[in-house]
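# Structure assessment
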Amino acid sequence: MNNVLILDFGSQYTQLIARRVRELNIFCEIFPFDKIPADLSSYKAVILGGSPCSVRSEEALHPDLSEIRGKKPLLAVCYGAQYLAHFSGGEVAASNTREYGRANLSYIKENEVFLEGVSDNSQVWMSHSDSIKKLPTNGIKIASTKDVENAAYKIEGETTYAIQFHPEVYHSTDGKQMLENFLVKIAKVEQTFTPNAFVEEVIADMKAKIGDDKVVLGLSGGVDSTVAAVILNKAIGSNLYCIFVNNGLLRKNEFQSVLDQYKGMGLNVKGVDASQRFYDALAGLDDPEAKRKAIGNAFIEVFDDEANQLKYVKFLGQGTIYPDVIESVSATGGPSATIKSHHNVGGLPDFMKLQIVEPLRMLFKDEVRRVGATLGIDPELLGRHPFPGPGLAIRILGDITPEKVSILQEVDAIFINGLKEHGLYDKVWQAGAILLPVNSVGVMGDERTYEKVVALRAVESFVQWDKRMLHTLW
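Residues numbered from 1 in each chain as written. Predicted model: local features only at pLDDT ≥ 70, side-chain atom pairs only at ≥ 80, totals over all residues. Heavy atoms only, no water.

What follows is about the overall build of the chain. Scanning the chain from terminus to terminus reveals twelve helices and 16 strands. Over its C-alpha atoms the chain spans a radius of gyration of 25 Å, differing by no more than 12% from the 23 Å that the globule rule assigns to 474 residues. Structurally, the chain occupies a C-alpha span of about 65 × 65 × 45 Å along its principal axes. Counting all 474 residues of the chain, 54% fall into the buried class. Sequence separation of at least 24 residues holds for 73% of the intrachain contacts in the chain that already meet a minimum separation of 6. Approximately 21,800 Å² of the chain is accessible, and the part contributed by carbon and sulfur atoms is 48%. Here the chain carries 50 positive and 60 negative side-chain charges, and the mean point of each set is 2 Å from the other. (Helix = DSSP H or I, 4+ residues; strand = E, 2+ residues; numbered from the N terminus. Rg over C-alpha atoms; globule rule 2.2 N^0.38 Å. Buried < 20%, exposed > 50% of the residue type's maximum accessible area, 1.4 Å probe, protein only. Contact = heavy atoms within 4.5 Å. Areas by Shrake-Rupley, 256 points an atom, 1.4 Å probe, with all protein chains shown as cover. Lys, Arg positive; Asp, Glu negative; His and termini not counted. Charge placed at Lys NZ, Arg CZ, Asp CG, Glu CD.)

Here is the structure:
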């Protein structure tokens, strides 16, 4: 296989590295720096990411590169570049000031494949408080900026390159070109990761794994679970049983509208109203993480109850995607690096006898949408904004009550419908209303009021969804 291994040292940019690699139609995987796969035979190249840590500190993160360095093409980014220098005969020292933000390449080594197509004075993005003062043994400088002498280097006798800046971020204007130069021209990785190729492979994998057994899958009405359901339906047909649960935390009228939406898609869908069960599980909880876990447990219990009504169901299908997996794992082993837990990540309790199948586990959201387009799913459904798995529970700050949910549903409906009516829905990545745990003075008619407060939030993203992208590659 033509895979790329990305080692995560806790940087906020690690997922972006993977995104940029995938955009080159190259498959890649992220692993914590201390959990390197034992079998590296499927990886054609390795990338070391950045880190909030310093290579000069006692807490420096030490990857085992014995089976990587000098044996596979290696690109070290930021912390990775400092690590190779500091522990291989070079010198890393604290910068006088933190180097954060835009910089421009003032020197580019001639005839260097890694920098082919990179313009003079190309803008790059710095984010570090240490600088490489002396290159490692056999290191050769290939690029500099005004303030960073050793902005990029390679190691003679190895297919090893290192850069002090971040090529994966939007502000590094030629960053994608550098990644392509390294992966395609230097590491010779084939660009074969496309929607069609993924669909063919995942359907074959699901057929092989599931065989003639049955799968129960929880639909949410969103992109991820819908695409997962269609894939599984193509793989196993009538052996797929879909359940759409009303957890009482959906958008206004969403339960019935989603059930109507699935009509004609050839999916076997059953609607289950379990609103009260979820309200009971959430009673008295105001901590966001506690609410997430309570909802996750309730989902599992509902699915277990429904599965027990079916005969010979062996698998639970889920629409887990790659960010869910990454965000639920700490690169450094500590809780501070874990962004959040996910209701569909982390396995099943002992009482539940179902095995998990996750056909989208290795895809990012935009990749899921392109796979959905390949499968012929309605563009309007694929263009739906991301909606949190725990629903409106995490958009209500504080404890959950049916009254609060009802208020937020009304506000959310006004907000989302307004965006659609004014042609703005497809121009933002995600929008939602948040119910705040405060009251405020206002005026209604001629009377003074003291009512609850909501906040409206609309987010744009550099990976903006555009229906025109449906039939392009990653």
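Turning our attention to the side chain of Ser225. For Ser225, the location among the structural elements is in helix α5 (residues 223-236). Judged by relative accessible area, which is 7%, Ser225 ranks as buried. Here the side chain of Ser225 touches Ser220 through a polar contact of 3.0 Å, landing on its backbone nitrogen. Setting aside residues up to four positions removed in sequence, Ser225 forms contacts with Leu217, Gly218, Leu219, Ser220, Tyr262 and Gly319. (Polar contact = N/O pair within 3.5 Å; in protein donor to acceptor, adjacent residues only side chain to side chain.)

A few words on the nonpolar core. Membership of the largest hydrophobic core comes to 41 residues, with the highest contact counts inside it found for Val227, Ile231 and Leu360. When contributions to this core are tallied by element, the ones reaching two or more residues are α4 (195-210), β10 (214-219), α5, β11 (240-246), α6 (254-262), α10 (365-374) and α11 (379-382). A total of nine residues in this core trace back to one element, the largest contributor, which is α5. Excluding its chain neighbours within four sequence positions, the residues that come into contact with Val227 are Leu360, Val368, Val371, Gly372, Leu375, Ile377 and Leu382. (Core = buried A, V, L, I, M, F, W, Y, C linked by side-chain atoms within 4.5 Å.)

With that out of the way, let us pick up the layout of surface pockets. Within this model, the second largest pocket holds a volume of roughly 500 Å³. Along the walls of the second largest pocket sit 20 residues, with Arg251, Arg384, Ile416, Lys420 and Tyr425 positioned nearest its centre. When residues of the lining of the second largest pocket are traced back to their parent elements, those giving at least two are α6, α11 and α12 (402-421). The dominant element in the lining of the second largest pocket, judged by the number of residues it contributes, is α12, at five residues. Here the residues of the lining of the second largest pocket sort into five nonpolar, six polar and nine charged. (1 Å grid on protein atoms, 1.4 Å probe; cavity = no way out; pocket = protein on both sides within 12 Å on 5 of 7 lines; lining within 4 Å. Points joined across faces, edges and corners; volume = space filled by probe spheres on them. Nonpolar A, V, L, I, M, F, W, Y, C, P; charged D, E, K, R; others polar.)

For the rest of this paragraph, the subject is the environment of Gly218. If you trace the backbone, Gly218 turns up in strand β10. Remark: the alpha-carbon pair of Gly218 and Tyr241, spanning 23 residues in sequence, is separated by 8.7 Å. Apart from residues no more than four positions distant in its own chain, Gly218 is found in contact with Ser225, Ile243, Phe303 and Gly317.

Quick look at unusual backbone geometry now. Although it is not a glycine, Asn25 sits at a positive phi angle of roughly 60°. With respect to the helices and strands, Asn25 occurs in the loop between α1 (14-23) and β2 (27-32). Since its relative accessible area comes to 11%, Asn25 is described here as buried. Of note in the backbone geometry, Tyr312 takes a positive phi value of approximately 65° without being a glycine.

Under the definition given, this model contains eleven aromatic pairs. Seen from their ring centres, Phe9 and Tyr79 are 5.2 Å apart, and the 40° between their planes marks the pair as tilted. Here the residue Phe9 occupies a position in the loop between β1 (3-8) and α1, and Tyr79 occupies one in helix α2 (residues 79-86), the gap between them amounting to 70 residues. Both residues of the pair, Phe9 and Tyr79, belong to the buried class. Here the aromatic residues Phe9, Phe33, Tyr79, Tyr83 and Phe87 are joined through ring pairs into a cluster of three or more. (Phe/Tyr/Trp six-rings, centres within 6.5 Å; stacked < 30°, edge-to-face > 60°.)

Attention now goes to the pairing of strand β8 (residues 152-155). As defined by bridge partners, strand β7 (residues 139-145) adjoins β8 across four bridges and the pair is classed as antiparallel. For Ile140, the partnering residue across the bridge sits in β8 and is Lys154. Between the end of β7 and the start of β8, which pair antiparallel, lie six residues. Across four bridges, the pairing between β8 and strand β9 (residues 160-163) is antiparallel. Residue pairing across strands places Ile155 opposite Thr160, the latter belonging to β9. Here β8 hands over to β9 after four residues, with Gly157 in that stretch at a positive phi of 90°. (Pairing = 2+ DSSP bridges.)

As a further point, take the sheet that holds strand β13 (residues 313-317). Taking strand neighbours across the sheet as the criterion, the five strands line up as β12-β11-β10-β13-β14 in an open arrangement whose pairing is parallel. Edge positions in the sheet fall to β12 (269-273) and β14 (355-357), since each of these pairs with one other strand and no more. Each adjacent strand pair in this sheet contributes to an overall mean axis angle of 30°, direction not counted. Two strands pair when backbone bridges link them, and β11 and β12 are joined in this way by five bridges, in the parallel orientation. Residue pairing across strands places Phe244 opposite Gly271, the latter belonging to β12. (Axes fitted to C-alpha atoms, helices over the stretch in contact; angles between N-to-C directions.)

Taken N-terminus to C-terminus, the directions of helix α7 (residues 275-282) and helix α8 (residues 288-308) make an angle of 145°; their axes are 9 Å apart at the nearest point. In terms of crossing hand, the pair formed by α7 and α8 is right-handed. Residues Arg277, Phe278, Ala281 and Leu282 of α7 pack against Lys291, Ala294, Ile295, Ala298, Phe299, Glu301, Val302 and Asp305 of α8. Of the residues in the contact of α7 with α8, the class split is eight nonpolar, no polar and four charged. (Left-handed = near helix turned anticlockwise from the far one by under 90°.)

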